[in-house]
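# Architecture and fold: a report
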Amino acid sequence: MQCIDYNRQFRAVVPQGRKLLLHVCCAPCSCGVLPRLEGYEILPYFYNPNIDTRREYDLRAAQFAKLGVQPMIEIYRHGEFTAAVEGLENEPEGGARCRVCIAQRLERAAQKAKEVGADLFCSTLSVSPHKDADFINRTGQALAQKYGVPFLPNDFKKENGFLLSARVSKEKDIYRQDYCGCEFAKKAY
Ligand code: SF4
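Residues numbered from 1 in each chain as written. Predicted model: local features only at pLDDT ≥ 70, side-chain atom pairs only at ≥ 80, totals over all residues. Heavy atoms only, no water.

Attention now goes to the site of the ligand. Taken together, Asn50, Phe81, Glu93, Arg97, Cys98, Cys101, Arg105, Lys131, Cys180, Cys182 and Ala185 make up the full set of residues near the ligand. Considered class by class, the residues forming the shell around the ligand number 6 nonpolar, 1 polar and 4 charged. (Near = heavy atom within 4 Å. Nonpolar A, V, L, I, M, F, W, Y, C, P; charged D, E, K, R; others polar.)

Given below as structure tokens:
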């Protein structure tokens, strides 16, 4: 299989003065991504209907204050996620349920980028070793065509991105969840 260097593509994009809508899954992952995006005007966007409870949603959203970041926070609508993954509840993490979940979040991010007039969009999701950057980038690029807002290709876990996220979130005493988000993954831990 061809190995694509997404970070090379990422670095090839000229950042100056460009408004980037950044879908943020959580503050710990954002710690590994934000330092790589200097030069962009970042519009962070928290849309994660996959999170299993309102309490957990609010807890994850509140952690951004420790980074000095104030994302646009979407109303919690877990039903959007459960409806989208109906029939896929027993899929293993990384399988078909996760692809639907990731695509749902990226699609809303693309729509939001268009709504707010962002020049391009991307997501923190690829910083996780459990997330397939190839799928994220292919989906993002398809959504870019659909909504007319370019997608910034990336694989933020590379070049020690995941280690950076772990180190900075520890230094800043940020709550780091021990499950991805949904009730189906939680059962597996
Ligand atoms: S394990 Fe994570 S990515 Fe997969 S469906 Fe659950 S919340 Fe979404």
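Further remarks concern the packing of helix 5 (residues 96-116) against helix 6 (residues 133-147). Remark: helix 5 packs on helix 6, axes separated minimally by 10 Å, with the N-to-C direction vectors making an angle of 35°. Considering only the axes of helix 5 and helix 6, their crossing is right-handed. Touching Arg99, Ile102, Ala103, Leu106, Glu107, Ala110, Gln111 and Lys114 of helix 5 are Phe135, Ile136, Thr139, Gly140, Leu143, Lys146 and Tyr147, all from helix 6. Residues that form the contact of helix 5 with helix 6 fall into these classes: 8 nonpolar, 3 polar and 4 charged. (Axes fitted to C-alpha atoms, helices over the stretch in contact; angles between N-to-C directions. Helix = DSSP H or I, 4+ residues; strand = E, 2+ residues; numbered from the N terminus. Left-handed = near helix turned anticlockwise from the far one by under 90°. Contact = heavy atoms within 4.5 Å.)

What follows concerns unusual backbone geometry. Even without glycine at this site, Glu159 takes up a positive phi of about 55°. Structurally, Glu159 is set in the loop between helix 6 and helix 7 (161-171). The class for Glu159 is partly exposed, based on a relative accessible area of 46%. You will see that Asp173, though not glycine, has its phi angle at about 55°, which is positive. Within the secondary structure layout, Asp173 lies in the loop between helix 7 and helix 8 (183-187). According to the relative accessible area criterion, Asp173 is exposed, its value standing at 58%. (Buried < 20%, exposed > 50% of the residue type's maximum accessible area, 1.4 Å probe, protein only.)

Let us look at the pattern of salt bridges. What the rule picks out here adds up to 13 salt bridges. A salt bridge links Lys158 to Asp155; the shortest N-O distance between them is 3.4 Å. (Salt bridge = Lys/Arg side-chain N within 4 Å of Asp/Glu carboxyl O.)

With that out of the way, let us pick up the environment of Glu91. Looking at the element boundaries, Glu91 is found in the loop between helix 4 (78-84) and helix 5. The class for Glu91 is partly exposed, based on a relative accessible area of 30%. Discounting residues that sit within four places of it in the chain, Glu91 has contacts with Ala96 and Arg97.

Ranked by size, the top nonpolar core spans 44 residues in total, and within it Leu37 and Phe121 carry the most contacts. Secondary-structure elements contributing two or more residues to this core are strand 1 (18-23), helix 2 (27-31), strand 2 (40-46), helix 3 (54-62), helix 5, strand 4 (120-123), helix 6 and helix 7. With 6 residues, the next largest nonpolar core counts Val85, Cys182, Phe184 and Ala185 among its residues. (Core = buried A, V, L, I, M, F, W, Y, C linked by side-chain atoms within 4.5 Å.)

Going residue by residue along strand 4, you find Leu120 and Cys122 tucked away on one face and Phe121 and Ser123 tucked away on the opposite face as well. Relative to strand 4, strand 1 runs parallel, the two being bridged by 4 bridges. Its bridge partner being in strand 4, Leu22 is matched across the sheet by Cys122. (Pairing = 2+ DSSP bridges.)

Let us look at the packing of aromatic side chains. This structure, assessed with the given rule, holds 6 aromatic pairs. Seen from their ring centres, Tyr45 and Tyr47 are 6.3 Å apart, and the 10° between their planes marks the pair as stacked. The class of Tyr45 is buried, set by a relative accessible area of 1%. Taken together, Phe46, Tyr57, Phe64 and Tyr76 form an aromatic cluster joined through their ring pairs. Against the face of Tyr179 rests Arg60, its NZ or CZ located 5.1 Å from the ring centre. (Phe/Tyr/Trp six-rings, centres within 6.5 Å; stacked < 30°, edge-to-face > 60°. Lys NZ or Arg CZ within 6 Å of the ring centre and 35° of its normal.)

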